[in-house]
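Analysis of the macromolecular model
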Amino acid sequence: MIVCVLLPRFELTVAAGDREELLRTATALAPEPGREQRVGEVSPAAEAFGIHAGTPLGEALARCPSLTLVPPDPAGVADRWERLLVRLESVGAAVEPERPGLACFAARGLLRLHGGSLERVLSVAHRALRQPARLGAGPSRFCALAAASRARVRRPEIVPGGKAEAAAYLAPQPIGLLRGRHETAALAEPLERLGIATLGELAALPRAAVADRFGAPGLFAHELARGCDGKLAPRQPPERLAEELELPEALSGVQLDRALQLLVDRLLARRERRGRTLRTVVLSAALVEGGTWRDRVPFREALADARRMRLALAQRLQLLPAPAERLSLAVERFGPPASDQRSLLDEAEAVRRSRLREAVRQARAAAGPDAALRVLAVEAQSRVPERRVVLTPFE
Amino acid sequence: MSRFDQRGPVRPAARAAGPAGAAGRTHRLAQPRRARVEADALDGHPRAIDGRVVDAVRESWLVEDRWWNGNPIRRRYWEVVTTCGRNLVVFHDLRAGGWFAQR
């Protein structure tokens, strides 16, 4: 049995902060600076105008000219969401966060720990969160999400049984539930336009027809509607290691680079690092105009060299949309204590080959196995042009 | 006199598949692709390729290959320059018919 924890409009609520009256009017999260101009989460009043998360900004303002835009607070959202996940993990849950405001965990391992009943597990999780949340439980993740969407804050919804019961429960649910999963979020609108209003109607469509029209995401949505879903992939609870710097005057340019240098040096000097390299860090800033900015930076290879880290991070810092009044740097993932061992002799060819191999590996990881190919002459002297060379995997 | 060749592909690429072509994701470069060619009735030289008028014929040659196996190749190649300045290579498949462009 899977438990789903849902905090609707989590990002909007965090960004609005103590201005709760905003949530009672037509409000939406403004697009992040430098990103695609689409609104983020919207209040119920804005939904009444037909605005959803992901609606283009121009269209949203055309539908509701009085729409209030709240600057996004990605750093605040990440902090608050991390605290909630840690609270869930503190009761023994192995949590898989789907997105800020939506997380799932398996109840099976917690039953004996918390009194032997699912209701008791839900109650413990609810208390651990220490804030209003909707909880649902079902045989699959998607079914649990559907249950959580219908649940009330003080009354969790449980769907007992297996796949057949999940499919029966999902059948009358609105097709808009597909927006809850990032793999199928884009399908909700076209399906609604085609007149498919419920998940049951989607499940009743021939699988081949769905595949032809919507491809892999369509097939996945079809599976979800029939009560199937993938396995949970709980996260490894991260170690928290961060450094923060209050900037007395809002900084940008060279001064900000100096601040970054200081942050990197402080982070590397922390005893908790225990000599390990850093694989991924998160750079965030509080902006002087309000709102925050956050960027996740995975290094090409695990680093412990302050100079190379600064080189990588300084480029990201140039994307800051406004001067910053606070800058912070946190470790998201550590690397091994020692990075790749260098060869004893500085053989230029070996170094070049090693770098090339790494570049090929990264290109393949990003764009698939055919991302790096090489031209191989098989019959260079052939009189038939198509027999002379082939494209073949790089190694 | 002119003619337009719209017949189905003869798949010269399939004939060309060799040991390397059988490997995993390996695929051949310079595969022929079907071209719409208006040819001269007398000597068969192309007069227009995919709607582009041929200005001059630079070279022509005959390729006869693989005659020792069951899939012989017999092609008349033409290297031409079109009025828009393109340098194109096309061939006429003399066995199965059809025109193809190839670089």
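Fair warning: this is a prediction, and the values are worked out from it, not measured in the lab.

When helices and strands are tallied, chain B shows 1 helix and 8 strands. What you see in chain B, going N to C, is helices and strands ordered as α-β-β-β-β-β-β-β-β. A burial count over chain B gives 39% of its 103 residues as buried. Taken as a whole, chain B presents about 6,000 Å² of accessible surface, with 49% of it coming from carbon and sulfur.

We note that R9 of chain A has phi near 55°; this positive angle belongs to a residue other than glycine. Of note, the phi angle at D50 of chain B is positive, near 50°, even though the residue is not glycine. The residue D50 of chain B is located in the loop between β4 (46–49) and β5 (52–65) in this model. Under the relative-accessibility criterion, D50 of chain B is labelled partly exposed at 33%.

Once that is clear, we can look at the pairing of strand β7 (residues 87–93) of chain B. Residues and elements named next belong to chain B. Taken across its 7 residues, β7 has 6 buried, putting it largely inside the fold. Taken together, the 7 bridges between strand β6 (residues 73–82) and β7 define a ladder with antiparallel strand orientation. Counterpart to R76 in the pairing with β7 is H92. From the end of β6 to the start of β7, which pair antiparallel, there are 4 residues, and G85 there has a positive phi angle of about 95°. The pairing of β7 with strand β8 (residues 99–101) spans 3 bridges and is antiparallel. When the bridges of β8 are listed, H92 appears paired with W99.

Before going further, it helps to spend a moment on the packing of helix α11 (residues 254–269) of chain A against helix α12 (residues 306–317) of chain A. Residue and element names in this part refer to chain A. The N-to-C vectors of α11 and α12 enclose an angle of 135°; their axes lie 10 Å apart at closest approach. Overall, the two elements α11 and α12 adopt an arrangement that is oblique. Crossing geometry of α11 relative to α12 is assigned as right-handed. Where α11 abuts α12, its residues L256, D257, L260, Q261, V264, D265 and L268 lie against A306, M309, R310, L313, A314 and L317.

Close inspection of predicted coordinates is inappropriate in any region flagged by low pLDDT. Residue and element names in this part refer to chain B. Summary statistics for chain B give a mean pLDDT of 78 and a share of 76% for residues scoring 70 or more. By mean pLDDT, helix α1 (residues 12–16) is the weakest element of chain B at 38, and β8 is the strongest at 95. Every residue in residues 1–24 is under pLDDT 50, and counting partners more than four places away or in other chains gives 54 contacts. In the predicted assembly, ipTM is 0.71 and pTM is 0.60.

Time to look at helix α6 (residues 141–150) of chain A. Counting buried residues along α6 of chain A, 8 of its 10 residues qualify, which places the element largely inside the surrounding structure. Along α6 of chain A, the positions that sit buried rather than exposed are R141, F142, C143, A144, L145, A146, A147 and A148 of chain A.

For T27 of chain A, the location among the structural elements is in strand β2 (residues 27–29). A distance of 2.5 Å separates the side chain of T27 of chain A from the backbone oxygen of L22 of chain A, its partner in a polar contact.

All names here are of chain A. Tallied over the entire structure, the rule returns 31 salt bridges over all chains. For E243, the salt bridge goes to R266, with nearest N and O atoms at 3.7 Å. Taken together, the residues span a long stretch of sequence, with E243 in strand β8 (residues 241–251) and R266 in helix α11 at a distance of 23 residues. Judged by relative accessible area, E243 falls into the buried class, the value being 13%.

A few words on the packing of aromatic side chains. Residues and elements named next belong to chain B. One pass over the structure, following the stated rule, counts 5 aromatic pairs over all chains. With 5.1 Å between their ring centres and 0° between their planes, W61 and Y77 make a pair best called stacked. With W61 in strand β5 and Y77 in strand β6, the pair connects residues that are 16 residues apart, well separated along the chain. Since its relative accessible area comes to 1%, Y77 is described here as buried. If you follow R75 out to its NZ or CZ, it ends over the ring of F91, 4.2 Å from the centre.

Moving on, we come to the environment of F105 of chain A. Residues and elements named next belong to chain A. Among the structural elements, F105 can be located in strand β5 (residues 102–106). Classification of F105 as buried rests on a relative accessible area of 1%. Separated by 36 residues in sequence, F105 and R141 have C-alpha atoms that sit 8.6 Å apart.

Residues and elements named next belong to chain A. Pairing in this open sheet of 5 strands is mixed, and the strands run β4-β5-β1-β6-β7 from one edge to the other. The open sheet has two free edges, formed respectively by β4 (95–99) and β7 (157–158), since each of these has just one partner strand. With 5 bridges joining them, strand β1 (residues 2–6) and strand β6 (residues 134–138) adopt antiparallel strand pairing. Its bridge partner lying in β6, V5 is registered against L135. Docked against the sheet, helix α5 (residues 118–129) engages β1, β5, β6 and β7, running at close to 150° with respect to β6. In this fold α6 packs onto β1, β4, β5, β6 and β7, with an angle of close to 140° to the strand it touches most, β6.

To continue, consider the sheet that holds strand β2 (residues 33–34) of chain B. One open sheet holds the 7 strands; their spatial order is β2-β8-β7-β6-β5-β4-β3 (chain B), and the pairing between them is antiparallel. One side of each edge strand has no neighbouring strand; the edge strands of this open sheet are β2 and β3 (37–39) of chain B.

Moving on: the interface of chain A and chain B. Accessible area lost upon the coming together of the parts is a frequently used measure of interface size. Residue-level contacts link 16 residues of chain A with 23 residues of chain B. Between chain A and chain B the total buried area reaches about 1,700 Å² when both faces are included, carbon and sulfur atoms providing 53% of it. When residues of chain A are sorted by the area they lose upon contact with chain B, R383, E386 and R387 of chain A head the list and together hold 42% of the total. Here chain A is connected to chain B by 2 salt bridges. With a closest N to O distance of 2.6 Å, E386 of chain A and R75 of chain B form a salt bridge.

Conventions and cut-offs
- Residues numbered from 1 in each chain as written.
- Chains lettered and ligands numbered in written order.
- Predicted model: local features only at pLDDT ≥ 70, side-chain atom pairs only at ≥ 80, totals over all residues.
- Heavy atoms only, no water.
- Helix = DSSP H or I, 4+ residues; strand = E, 2+ residues; numbered from the N terminus.
- Buried < 20%, exposed > 50% of the residue type's maximum accessible area, 1.4 Å probe, protein only.
- Areas by Shrake-Rupley, 256 points an atom, 1.4 Å probe, with all protein chains shown as cover.
- Pairing = 2+ DSSP bridges.
- Axes fitted to C-alpha atoms, helices over the stretch in contact; angles between N-to-C directions.
- Parallel < 35°, antiparallel > 145°, perpendicular 65-115°, else oblique.
- Left-handed = near helix turned anticlockwise from the far one by under 90°.
- Contact = heavy atoms within 4.5 Å.
- pLDDT = per-residue confidence, 0-100.
- Polar contact = N/O pair within 3.5 Å; in protein donor to acceptor, adjacent residues only side chain to side chain.
- Salt bridge = Lys/Arg side-chain N within 4 Å of Asp/Glu carboxyl O.
- Phe/Tyr/Trp six-rings, centres within 6.5 Å; stacked < 30°, edge-to-face > 60°.
- Lys NZ or Arg CZ within 6 Å of the ring centre and 35° of its normal.
- Buried area = accessible area lost by both parts, 1.4 Å probe.

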